[in-house]
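Summary of the model geometry
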Amino acid sequence: MFVTRFAPSPNGHLHLGHAYSAITAFDLARSNNGRFLLRIEDIDGARSRPELCDEFRKDLDWLGLEWDEVPAQSTRLDSYDSAVTSLIRRGLLYRCTCTRAQIGAATLLGGSEGPLYPGTCKGTETDPALPAVMRLDLDKAMTNVGELIWTDEEHGAIVCDPRDFGDVVLVRKDEPASYHLAATLDDAADGVTHVTRGSDLFAASHVHRLLQELLDLPIPHWHHHALLLDTDGRKLAKRRNSASLADLRNAGEDGRLLAEQLRLRRLPSGISMESA
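As a starting point, this report considers the structure included with it.

Here is what the cut-offs are and how they apply
- Residues numbered from 1 in each chain as written.
- Predicted model: local features only at pLDDT ≥ 70, side-chain atom pairs only at ≥ 80, totals over all residues.
- Heavy atoms only, no water.
- Pairing = 2+ DSSP bridges.
- Helix = DSSP H or I, 4+ residues; strand = E, 2+ residues; numbered from the N terminus.
- Axes fitted to C-alpha atoms, helices over the stretch in contact; angles between N-to-C directions.
- Salt bridge = Lys/Arg side-chain N within 4 Å of Asp/Glu carboxyl O.
- Buried < 20%, exposed > 50% of the residue type's maximum accessible area, 1.4 Å probe, protein only.

Our focus in this paragraph is the sheet that holds strand β3 (residues 68–69). Ordered by their spatial adjacency, 3 strands build an open sheet running β1-β2-β3, and the pairing between neighbours is parallel. The outermost strands of the open sheet, each flanked by one partner alone, are β1 (3–6) and β3. Pairing between strand β2 (residues 35–38) and β3: 2 bridges, direction parallel. In the strand pairing of β3, Leu 37 is matched with Asp 68.

Structure below.
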């Protein structure tokens, strides 16, 4: 069965960019007689605000979407622990106590998530009293799996190349799993066949394809859609206080009409669509 999902984090209100992503995933599922899932990604430490989860459901209903809700990330911690244990036993994860400032001072190379980690802690004994992340030994991981391919609906077959992330963090200091690990495991558990999300996460799919191979998970297709941009040409974002769906809903706006306008790319004033 064709399965898509929308997986918001309750650390801020949903905005038009989220609406476009949810509508895109919903429409793909509907046109293929499939399922559209809602999954709450709520392991973002103290930044998670449980009261927003019901708001998200009201927003989706206001847009005229129907969904099947699957368990939130906070109920899946055992699966993350199991995957981490497996990777540790195979010698693919290592502790890293470096701070962001230390990493920035140690390298001039930039990657998709900031300064590219130079491997300072790899192969060393770190102080167990210091807070640490767990990093994937990328070279060893790639040697284990060989060449991999993943498929995007817009770009076709793509050779997996996660080097732009370096030794990516899979367990954060303040969270039981990073986005990369949690989302990959969750999509497999939920039977997602078409991972539908914004183009800003295109590069991350290289990491996720690698994790799927390392953890013997099903391989989905990906659909990375264009982003909505503000007047400065930046993607809409919670941290920049982009207008929320809740504000529009509470102001009496017609959510179903808005959804149709987004489908037709008839965007509100001040909002544009990313170029192909």
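Strand-to-strand pairing in sheets goes through backbone hydrogen bonds, with the strands running parallel or antiparallel. If you walk across this open sheet you meet the 3 strands as β4-β7-β10, and the pairing is antiparallel. The sheet is open, and its two edges are formed by β4 (93–96) and β10 (169–171), each paired on a single side. Each neighbouring strand pair of the sheet contributes to a mean axis angle of 45 degrees, computed without reference to strand direction. Relative to β10, strand β7 (residues 133–136) runs antiparallel, the two sharing 2 bridges. Following the sheet pairing, Arg 135 is matched in β10 by Val 169.

A few words on the pattern of salt bridges. Scanning the model with the defined rule gives 25 salt bridges in all. Between Arg 57 and Glu 69 there is a salt bridge, with its nearest N and O atoms 2.9 Å apart. Of the two residues, Arg 57 sits in helix α2 (residues 51–62) while Glu 69 sits in strand β3, which places them 12 residues apart along the sequence. Arg 57 gets classed as partly exposed once you look at its relative accessible area, which sits at 26%. When the shortest N-O distance is used, the salt bridge between Asp 186 and Arg 76 registers 3.8 Å. Linking Asp 186 in helix α6 (residues 179–189) with Arg 76 in the loop between β3 and α3 (77–89), this pair joins segments that are 110 residues apart in sequence. Judged on exposure class, the residue Asp 186 and its partner Arg 76 are both buried. Shared partners join several salt bridges into a network, and the residues in it are Arg 5, Arg 39, Glu 41, Arg 76, Asp 186, Asp 187 and Asp 190.

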